[in-house]
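Structure at a glance
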Amino acid sequence: MKHNHYLRLKVQLFFKAIQRRKITLRKIANVFCCSLAYALKWEKSTSFPFILSLELWNECNAGCLFCRDAKGTIYNLNPDFPSKGAISKGQMPPAMAMDIISQMKKDVLIAVLYTNGEPLLYKELPAVVRHATANGVMSMIATNGLLFNADNARQVLEAGIDFIKIQLSGYTQDIYSIQIRYGHVEKLKDNIRMLARLNKEGNHRALIMIDYILYKYNAHQLPLVKQFCDELGLMMNVRSGNPRWGLEDKENPLPTATLPMSCDWLWKAMQVNFNGDVLQCCEAVIWSNSKPYETFKTGQTKVRDVWNGPAATATRQTMATQGRKAMPICAQCQRQGVCFKW
């Protein structure tokens, strides 16, 4: 998959972090040292990663074709366990999320508060965002935007969210609903307008990006969505769509790229599933029987010990010496870079 470097977004987030006093020399040094550890393929990274990804809840209301079936069952990427019922669902206790953020606050740049679910379903989202803000940690969500209303939008903005990415992959209902089973595009556009207005009126200055997942069937509506974003002063991202599980016979396959032998996730980012499982990457939450480094227990587990513990260092060693092919989940993965999910 083509790597989106999000250069403009990174620059804006950097200056926003300075403005909101959420960046320090220590955090910048941690980014450099994590990157150096990856470049030199050390078994241990720094004391903490610079990106934290938390799966607060993996339920979703949109039913996108590429993610789950019509009943909401999450697709399982593990070919050895083809049953679609293998990916369990659940919510992360807010105390767990806050404990992890508190332990990493001096080193982590950003907390990504979603992985495979819809973050607006998680009722404690504003509280977790508020906790991140209070501890000087940037936060972001990616959402289908269908559940935004004036109340939860204000709560999230007032809590100090830094970045919100919203999927809008079609301008009319007939096009939008080809991939999104349960969404109404006019309601979504109204929600986006409302969010942009509240962000401006409250002087919250959260970065809002519209994410356009591009297919042959919706390419003709891309100019309409660009105009929509320009009118509201929103950023826009365009990326190739995934035609699996429903569009294979109508769309081009995902473009492939020559990938580096190893993946930098293991040195730079930490993924924690809703049940506390600390996993090697965000794809592991939809790969059944993924063996965690450890299962986080609130008030007991030390993130530092897990991040450079025996399981994590052994995984890095395997990746450094044998590459992606040595681990089934990595061998089938076409993604690259720690920002590919976001």
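Note that this is a predicted model, so its numbers are computed, not measured.

**Focus on the overall build of the chain**
Secondary structure assignment for the chain yields twelve helices and nine strands. Dimensions along the principal axes, computed over C-alpha positions, put the chain at roughly 50 × 45 × 35 Å. For the chain, buried positions account for 57% of its 342 residues. Summarising the internal contacts of the chain: among those between residues at least 6 apart in sequence, 74% fall at separations of at least 24. In the form shown here, the chain has an accessible surface area of approximately 15000 Å², with 56% of it arising from carbon and sulfur atoms. Once the 43 positive and 27 negative side-chain charges of the chain are each reduced to a mean point, those two points are 5 Å apart.

**Some details on the sheet that holds strand β4 (residues 163–167)**
Here we have nine strands laid out as an open sheet, ordered β6-β5-β4-β3-β2-β1-β7-β8-β9, and mixed in their pairing. Both outer strands of the open sheet, β6 (235–240) and β9 (294–295), are each paired with one neighbouring strand and no more. Here strand β7 (residues 269–272) pairs with strand β8 (residues 277–279) via two bridges, running antiparallel. Residue Val 272 lies in a different strand from β8, and its bridge partner there is Val 278. This element, helix α8 (residues 222–232), spans β5 (207–214) and β6 of the sheet and lies at about 155 degrees to β6.

**Quick notes on the pairing of β4**
The element β4 is extensively covered by neighbouring structure, given that five of its five residues are classed as buried. Both faces of β4 are covered, namely the face carrying Phe 163, Lys 165 and Gln 167 and the face carrying Ile 164 and Ile 166. The sheet contact formed by strand β3 (residues 138–143) and β4 spans four bridges and is parallel. Counterpart to Thr 143 in the pairing with β4 is Ile 166.

**Let's talk about a nonpolar patch on the surface**
Together, Leu 7, Val 11, Phe 14, Phe 15, Ile 18, Leu 25 and Ile 28 line one region of the surface with nonpolar side chains, adding up to about 720 Å² of accessible area. Counting residues per element, the ones that place at least two in the nonpolar patch are α1 (7–19) and α2 (25–40). The element best represented in the nonpolar patch is α1, accounting for five residues. Note that Leu 7 resides in helix α1. Its relative accessible area of 62% is what places Leu 7 among the exposed residues.

Reading the values: rules and limits
- Residues numbered from 1 in each chain as written.
- Predicted model: local features only at pLDDT ≥ 70, side-chain atom pairs only at ≥ 80, totals over all residues.
- Heavy atoms only, no water.
- Helix = DSSP H or I, 4+ residues; strand = E, 2+ residues; numbered from the N terminus.
- Buried < 20%, exposed > 50% of the residue type's maximum accessible area, 1.4 Å probe, protein only.
- Contact = heavy atoms within 4.5 Å.
- Areas by Shrake-Rupley, 256 points an atom, 1.4 Å probe, with all protein chains shown as cover.
- Lys, Arg positive; Asp, Glu negative; His and termini not counted.
- Charge placed at Lys NZ, Arg CZ, Asp CG, Glu CD.
- Pairing = 2+ DSSP bridges.
- Axes fitted to C-alpha atoms, helices over the stretch in contact; angles between N-to-C directions.
- Patch = residues over 30% accessible without salt bridge, like charges linked within 9 Å, V, L, I, M, F, W, Y side chains within 5 Å.
- Salt bridge = Lys/Arg side-chain N within 4 Å of Asp/Glu carboxyl O.

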